[in-house]
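Observations on chain architecture
Each chain, letter by letter, is given below.
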Amino acid sequence: MDLAALESQLRTLQGDAASRITACTDLTALDELGSSLLGKRGAITDVLRGIGELPPADRPKIGATANEVRAAIESLLTARRSVVAVEELALRITAETIDPTAPAPRPRSGSLHPIPETIRAIAEIMSSFGFSIVETREVEDDVVNFQLLNIPEDHPSRDLWDTLYLREPGRLLRTHTSPGQIHVMRTTPPPIRVILPGRCFRYEAVDASHGFEFHQVEGLLVDTTTTLSDLKGILSELARGLFGAATETRFRPGYYPFTEPSVAVDVRWAGSKEGWMTILGAGMVHPTVLANGGIDPETHQGFAFGLGVERIAMLRHGIPDLRAFLENDTRFLRSMR
Ligand code: PHE
């Protein structure tokens, strides 16, 4: 092996490389080709293995030629890379045709949680009777939640409400929306027609039909000629609006300290849970409660009702377990659409 032979090997290699590089049409193949020529185990390194057989004076010469060849191949590779990149892009652009007239993909629409959905349904029906919506506070005073509603301290009827008391004396989480009646009567001159939807709290063990956190819609109507038949008429319509025009209702005597007389309202239920289902409590506002609200019971009467939103939503949507309302499982929420 002499200098001339090695040099001609390198020049042949350069010539071969040039034609292979030009023939190459994709970037990955070009990279592979690059390392098979210039890499540690590449063709140039292979040729230079013969350098040991040369006389020492010739060695730098072959080194210089090798560097030239290496540089020439590198610049060929770089030039070819940019050509191939442009070609690949052009190919992709022709392959991926875009139809600008195609309709845009529709955004996935959400749906209301069944609790607000039910509250809205109730609000819509009641607003057709002239009721407007008012929201009052969730943290109440014992005075408003109980005492002004004719439930004195130590009265046995307090057992109807398992109350969550706050550390601050006299403060509690409202056990029902009825204290809202007091707030409304004290701020609104009659005639009054309002519904008060909102969250309530009771100290309960949670199971399929009990929660410590639930929703009610209170209703209050105060006027000068209000009677129990107004209550019956409007609440029957509410039941028909919620459950269908053929819905039968039943009014049973009930007891609440803040209404007199008091009634429990049932709807007849077909299907798996056939029979009468209680959906709300109601009654004529107790004269003491009217007076506590600043309204003269000699000139005004009213009726009030309170219904459990979860119960209504369960009946309307056939939901068997109350806990589904709080879990926020999107599969459950999507099934409500
Ligand atoms: N506040 C009562 C309850 O939570 C329901 C009710 C409201 C009854 C208004 C009569 C009148 O059980």
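Once a new chain begins, its residue numbering starts again from 1 and follows that chain's sequence as written. The predicted origin of the model limits local features to residues at a pLDDT of at least 70 and limits the giving and counting of side-chain atom pairs to 80 or more, whereas totals for whole chains, interfaces and linings rest on all residues. Think of the side-chain values as coming from all heavy atoms in the structure, minus any hydrogens and water.

Quick look at the overall build of the protein chain
Each helix is a run of DSSP H or I of at least 4 residues and each strand a run of E of at least 2, with the numbering of both proceeding from the N terminus. Regarding its fold elements, the protein chain presents 12 helices and 9 strands. The globule rule puts the C-alpha radius of gyration for 337 residues at 20 Å, and the 42 Å found for the protein chain is more than 25% above it. Dimensions of the protein chain, computed from the C-alpha atoms along their principal axes, are close to 130 × 50 × 40 Å. For the protein chain, the residues scored as buried account for 41% of the 337 residues in total. Residue contacts are defined here by distance: any two heavy atoms, one from each residue, within 4.5 Å place the two residues in contact. Taking the contacts inside the protein chain whose residues are at least 6 apart along the sequence as the reference set, 66% of them involve residues at least 24 apart. For the protein chain, the accessible surface area stands at approximately 18,500 Å², while carbon and sulfur atoms represent 54% of it. Mean positive and mean negative side-chain charge positions of the protein chain (35 and 44 charges, respectively) differ by 4 Å. We compute the radius of gyration from the C-alpha atoms alone; for a globule the expected value is 2.2 Å times N to the 0.38, where N is the number of residues. Type-normalised accessible area, obtained with a 1.4 Å probe on protein chains alone, sets the label of each residue: buried when under 20%, exposed when over 50%, and partly exposed for intermediate values. For every accessible area listed, the method is Shrake-Rupley and the probe measures 1.4 Å; residues are considered covered only by the protein chains on display. Positive: Lys, Arg. Negative: Asp, Glu. His and the chain ends are not part of the count. Where a charge lies is defined by one atom per residue type, namely NZ (Lys), CZ (Arg), CG (Asp) and CD (Glu).

Digging into the packing of aromatic side chains
For Phe, Tyr and Trp, where Trp contributes only its six-membered ring, two rings pair if their centres lie within 6.5 Å, and the inter-plane angle classes them as stacked under 30 degrees, edge-to-face over 60, or tilted in between. For the coordinates displayed, the defined rule picks out 3 aromatic pairs. Consider the rings of Phe325 and Phe332, whose centres lie 6.2 Å apart with planes at 75 degrees: the pair is edge-to-face.

What about the side chain of Arg80?
Note on placement: Arg80 falls in helix α4 (residues 59-95). Of the side chains with opposite charge, Glu87 comes closest to the buried, unpaired Arg80, at an N-O distance of 4.2 Å. Sequence-distant contacts of Arg80, defined by excluding residues within four places in its chain, comprise Ile21, Thr22, Cys24, Thr25, Leu30 and Glu87. For salt bridges, the criterion is a side-chain nitrogen of Lys or Arg within 4 Å of an Asp or Glu carboxyl oxygen.

Quick word on the side chain of Thr247
Within the secondary structure, Thr247 is located in the loop between α8 (228-243) and β6 (249-256). Relative accessible area serves as the criterion here: at 11%, Thr247 is assigned to the buried category. Each polar contact in these results corresponds to two N or O atoms within 3.5 Å; when the atoms are within protein, one needs to be able to donate a hydrogen and the other to accept it, and residues that are neighboring in sequence are counted only if both atoms are side-chain atoms. Within polar-contact distance, the side chain of Thr247 engages the backbone oxygen of Gly244 at 2.6 Å. If near-sequence neighbours (up to four positions away) are discounted, Thr247 is found in contact with Ala239, Arg240 and Val267.

Concerning the pairing of β6
For β6 and strand β7 (residues 259-269), the ladder comprises 7 bridges, and the chain directions are antiparallel. The residue bridging Thr249 from the neighbouring strand is Val267, located in β7. The rule for pairing is simple: two strands pair if DSSP sees at least two bridges between them.

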